[in-house]
Amino acid sequence: MANPFEDDDSDYLVLTNEENQHSLWPVSIEVPAGWTVSFGKDTRAACLDHIERTWTDMRPASLAALTPQS
């Protein structure tokens, strides 16, 4: 079976959690508890582009709130 996270012909979502962490997620797999859809349904490339444009601070939100980004 092919890896569902690497199929360029499938549709994907972008998920975020309470720490503002992002995840590329196949639409064919149920969204896990604690995560919400923040973008998509779209192509894998579009979802990865969205993540690159919007997730600019890789620190968890709780840590980012304590320290300024350098």
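Conventions used here
- Residues numbered from 1 in each chain as written.
- Predicted model: local features only at pLDDT ≥ 70, side-chain atom pairs only at ≥ 80, totals over all residues.
- Heavy atoms only, no water.
- Helix = DSSP H or I, 4+ residues; strand = E, 2+ residues; numbered from the N terminus.
- Buried < 20%, exposed > 50% of the residue type's maximum accessible area, 1.4 Å probe, protein only.
- UniProt positions renumbered as here; feature names shortened; annotations may be inferred.
- Pairing = 2+ DSSP bridges.
- Core = buried A, V, L, I, M, F, W, Y, C linked by side-chain atoms within 4.5 Å.
- Contact = heavy atoms within 4.5 Å.
- Axes fitted to C-alpha atoms, helices over the stretch in contact; angles between N-to-C directions.

Asks: Quick rundown of the environment of proline 26? Include the residues and the values.
Replies: Structurally, proline 26 is set in strand E2 (residues 22-26). Relative accessible area serves as the criterion here: at 1%, proline 26 is assigned to the buried category. In the structure, proline 26 is positioned 16 residues away from aspartate 42 in sequence and 9.8 Å away in space, judged by C-alpha atoms.

Asks: Can you explain the UniProt feature "domain: MbtH-like" (unreviewed entry) in the protein chain? Please cite residues and give values.
Replies: When the UniProt feature table is mapped onto this chain, "domain: MbtH-like" (unreviewed entry) is found at residues 3-53. Annotated as residues 3-53, this span is 20% helix and 41% strand, and its ends, taken at the C-alpha atoms, are 25 Å apart.

Asks: Tell me about the pairing of strand E1 (residues 11-17), residues and numbers included.
Replies: In terms of burial, E1 is largely enclosed, as six of its seven residues are buried. Pairing between E1 and strand E3 (residues 35-43): seven bridges, direction antiparallel. Considered in E3, the bridge of valine 14 is made with phenylalanine 39. With five bridges joining them, E1 and E2 adopt antiparallel strand pairing. Counterpart to tyrosine 12 in the pairing with E2 is proline 26. Once E1 ends, the chain turns through four residues before running back antiparallel as E2, passing asparagine 20 with a positive phi of about 65°.

Asks: Talk me through the nonpolar core; I want residue IDs and the actual numbers.
Replies: One finds Tyr12, Val14, Leu24, Cys47, Ile51 and Trp55 forming the largest nonpolar core, which totals six residues. Counting residues per element, the ones that place at least two in this core are E1 and helix H1 (44-54). Those residues in contact with cysteine 47 that sit more than four places away from it in its chain are Tyr12, Leu13, Val14, Leu24, Phe39 and Asp42.

Asks: Describe the sheet that holds E2, with residues and values.
Replies: Across the sheet, three strands lie side by side as E2-E1-E3; this open sheet has antiparallel pairing. In this open sheet, the two edge strands, each paired with only one partner strand, are E2 and E3. Within this sheet the neighbouring strands show an average axis-to-axis angle of 30°, counted without direction. Here H1 sits on the sheet and contacts E1, E2 and E3; the angle it forms with E3, its principal contact strand, is near 130°.

Asks: Go over the side chain of histidine 22 with me, naming the residues and quoting the values.
Replies: Topologically, histidine 22 is positioned in strand E2. Sequence-distant contacts of histidine 22, that is, excluding residues within four places in its chain, are made with Val14, Leu15, Thr16, Trp35, Ile51, Thr54 and Trp55.

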